[in-house]
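Below, each chain spelled out in residue letters.
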Amino acid sequence: MSAARVTENPLSALVATCIRAHLPGAEITEVIRLKGGYSRTMWSVDATVLGVRRELILCADNADGVVGTGDHALSRADEADLLRVLHGAGLRVPEVVGSGDAQSPLGCAYLVMERGRGTALVGPLRRDPWYVENRDALGADLANLLASIHGAPVPEAMVAACQTTAPAHRAVDLVTEQLRRTPSAQTEINRRAIEWLNEHMPRRPKRLSLVHGDFRTGNVLHGHGEVGQRDGLRLVLDWEMAHAGDPLEDVAWAQLVCWRAGTGRVGSLVAPDTWLTLYESARGEQIDRETVRWWEMVGSVKMSCLLRSAVNVVESVAESRLLDDLFDELGAVLTDLLYPTLAGAPS
């Protein structure tokens, strides 16, 4: 897309204006709307600044997004601040260029980051021979990535939010409210899961950790065979749900059945038991499997609600059917988690 075409497209022109607010004098040569998730709107932007090409991503709030905003999600400014700290500490996260608030030319808050090379698609992890051959090493690196997040400094504001309410209690309150606001997700198994979660609250973790909140292979940029680029897992994306809490929340979320893409493997990489062992090795300590089970139930109810909300914004019948299938899978897993003695029993 030429600079002229960017100018002629009103929305692209607004994106370009936002970029120039952080990179004065930038020549914007391409603005492409990306097919992203169900929560934010994203554009890929190519710019030239003082003769240097910059590859960028602009991620903007979406009023119809599934995640939305509130005390359960970071603002774009807070996300930018967190990423700057993590990038400065050497974690594999995008480098921030700038952010804007709801009074921006786009009329919403946004975040601009350097665009990493690679893909976050899960398909290659299942089919590409390089990934298949290196599956075990990639699973170990995924665990190392998560352990590095959990060992990172926790912003004081996030810690303060957990002073009055334990992470588990806060999580149940949030998912209970989420289920209340999602009538189509109010199945008997989800209601029973909420009751069970309240009856079996885990202990408060020994220490609060930085929790990504949506850690999975679909939010990790990866690639191989490119000159000057790391082979394998590169950058952890989508930090809008980050908070202070129990690190096992992330461990359990990463292993939800909806991220296994029909492979039976966590993130299409390793078996669930192997995943937990790899994380223990990366953290250098044992974890409580029953607490992981508790958090997997929280995540399954939460994801069930998100899937039902996403149905309202999907663009095709096929995508809607996929979301319905994932919803049913989560219900089946919840049944097995609630009634483990019945799992695999003959009907």
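Scroll up to find the structure.
The structure reproduced in this document is the subject of the present report.

What follows concerns the overall build of the chain. In terms of regular secondary structure, the chain is built from 13 helices and nine strands. Since a compact globule built from 347 residues should have a radius of gyration of about 20 Å, the 21 Å found for the chain is in line with a globular shape. Sorting the 347 residues of the chain into buried and exposed places 50% on the buried side. Considering only contacts in the chain between residues 6 or more positions apart, those separated by 24 or more positions represent 68%. Working note: accessible area of the chain is about 16,300 Å², and carbon and sulfur atoms make up 51% of it. One finds the centroid of the 35 positive side-chain charges in the chain at a distance of 1 Å from the centroid of its 45 negative side-chain charges.

Contact geometry for helix 6 (residues 135-150) and helix 11 (residues 272-283): axes closest at 8 Å, N-to-C directions at 50°. As judged from the angle between their axes, helix 6 and helix 11 are oblique. Considering the relative orientation of helix 6 and helix 11, their crossing is right-handed. When helix 6 is examined against helix 11, the residues Gly-139, Ala-140, Leu-142, Ala-143, Asn-144, Leu-146, Ala-147 and His-150 are found in contact with a partner set consisting of Trp-275, Leu-278, Tyr-279, Ala-282 and Arg-283. Of the residues belonging to the contact of helix 6 with helix 11, the class tally is nine nonpolar, three polar and one charged.

Between the first and last C-alpha of helix 8 (residues 167-180) there are 20 Å, a value that for 14 residues agrees with the 20 Å anticipated at 1.5 Å per step. Residues Pro-167, Ala-168, Arg-170, Ala-171, Val-172, Val-175, Gln-178 and Leu-179 constitute the buried set of helix 8.

So, about the side chain of Ser-304. Its place among the elements puts Ser-304 in helix 12 (residues 289-310). Here Ser-304 falls in the buried class, since its relative accessible area comes to 1%. Of the polar contacts made by the side chain of Ser-304, one reaches the backbone oxygen of Ser-300; its length is 2.8 Å. For Ser-304, the residues in contact, after removing those within four places along its chain, are Ala-185, Asn-190, Phe-327 and Leu-330.

This part covers the pairing of strand 4 (residues 96-100). For strand 4, a buried count of four out of five residues is recorded, marking the element as mostly surrounded by other parts of the structure. Two elements, strand 4 and strand 5 (residues 110-114), share four bridges in a ladder whose sense is antiparallel. Residue pairing in the sheet places Gly-100 in a bridge with Tyr-110 of strand 5.

Conventions adopted
Residues numbered from 1 in each chain as written. Predicted model: local features only at pLDDT ≥ 70, side-chain atom pairs only at ≥ 80, totals over all residues. Heavy atoms only, no water. Helix = DSSP H or I, 4+ residues; strand = E, 2+ residues; numbered from the N terminus. Rg over C-alpha atoms; globule rule 2.2 N^0.38 Å. Buried < 20%, exposed > 50% of the residue type's maximum accessible area, 1.4 Å probe, protein only. Contact = heavy atoms within 4.5 Å. Areas by Shrake-Rupley, 256 points an atom, 1.4 Å probe, with all protein chains shown as cover. Lys, Arg positive; Asp, Glu negative; His and termini not counted. Charge placed at Lys NZ, Arg CZ, Asp CG, Glu CD. Axes fitted to C-alpha atoms, helices over the stretch in contact; angles between N-to-C directions. Parallel < 35°, antiparallel > 145°, perpendicular 65-115°, else oblique. Left-handed = near helix turned anticlockwise from the far one by under 90°. Nonpolar A, V, L, I, M, F, W, Y, C, P; charged D, E, K, R; others polar. Expected span 1.5 Å × (residues − 1). Polar contact = N/O pair within 3.5 Å; in protein donor to acceptor, adjacent residues only side chain to side chain. Pairing = 2+ DSSP bridges.

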